[in-house]
Amino acid sequence: MVNADASSVADFHYSPRRHRTAMVLVALAAAALVTAYAVVFDEPWWQVLLRFGFIAVAASLTLRWSMRRQPRLPLRLTEEALHLTGPGGTTLTIDWANVASAQVRGALDPRLVVRPLDPRQTRPPMQPGHWSTPGRGQYELVVQLTWMTPDRDVLRRELARRLSTT
């Protein structure tokens, strides 16, 4: 929800309703795929489920493990700074004057990519690779926005408004 009070704070948080809806749609699509595969290749559905279920579980656990160090929701934008929630529930604060870039990327897998100008000026000061995602720059922050409320268009507008004033 975006709060329109005097302090002009925008809060972005995880939406359990959006997550449940997505999981129901994924389950329905998986059931349809298992059924179609079983019919086309004349196999029992439970053999198909065993074969591909193991792959799906392994991929899910690998993804979860790789995302453990990434910043995550909730995300708060105030007039003074951007507040990110990091691993272990810690908070990282980056003043708007210290933001080199902040972009919302991705359609199916939306994420916020933030780069500070001076990592030592964040609160707490960033250490090389502590908050970053493997394969990215040492100080580049990637926040997964999947199942976020309000949506990413609101976040884009809020970022544009706040970054244009710095």
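Residues numbered from 1 in each chain as written. Predicted model: local features only at pLDDT ≥ 70, side-chain atom pairs only at ≥ 80, totals over all residues. Heavy atoms only, no water.

Chemist: So what's going on with helix 1 (residues 16–40)? Residues and values would help.
Modeler: With 25 residues, helix 1 extends 36 Å from end C-alpha to end C-alpha; this agrees with the ideal 36 Å at 1.5 Å per step. Trailing helix 1 by a residue or two, Asp-42 shows a phi angle of about 50°, which is positive. (Helix = DSSP H or I, 4+ residues; strand = E, 2+ residues; numbered from the N terminus. Expected span 1.5 Å × (residues − 1).)

Chemist: Tell me about the sheet that holds strand 5 (residues 99–105), residues and numbers included.
Modeler: With antiparallel pairing, the three strands of this open sheet are ordered in space as 5-6-7. Each of the sheet's edge strands pairs with one partner strand only, and the pair in question is strand 5 and strand 7 (141–144). Each adjacent strand pair in this sheet contributes to an overall mean axis angle of 15°, direction not counted. Across six bridges, strand 5 lies against strand 6 (residues 111–116) in antiparallel orientation. (Pairing = 2+ DSSP bridges. Axes fitted to C-alpha atoms, helices over the stretch in contact; angles between N-to-C directions.)

Chemist: So what's going on with the confidence of the model for the protein chain? Which residues, and what values?
Modeler: Averaged over every residue, the pLDDT of the protein chain is 85; the share at 70 or more is 88%. In the predicted structure, residues 1–6 sits below a pLDDT of 50 and forms twelve contacts with residues beyond four places in sequence or in another chain. (pLDDT = per-residue confidence, 0-100. Contact = heavy atoms within 4.5 Å.)

Chemist: Explain the environment of Pro-74 to me, using residue names and the numbers behind them.
Modeler: Mapping Pro-74 onto the fold places it in strand 2 (residues 72–77). Classification of Pro-74 by relative accessible area gives partly exposed; the value is 44%. Each C-alpha atom, one on Pro-74 and one on Phe-12, is 5.6 Å from the other, the two residues being 62 residues apart in sequence. If near-sequence neighbours (up to four positions away) are discounted, Pro-74 is found in contact with Phe-12, His-13, His-83, Leu-84 and Thr-85. (Buried < 20%, exposed > 50% of the residue type's maximum accessible area, 1.4 Å probe, protein only.)

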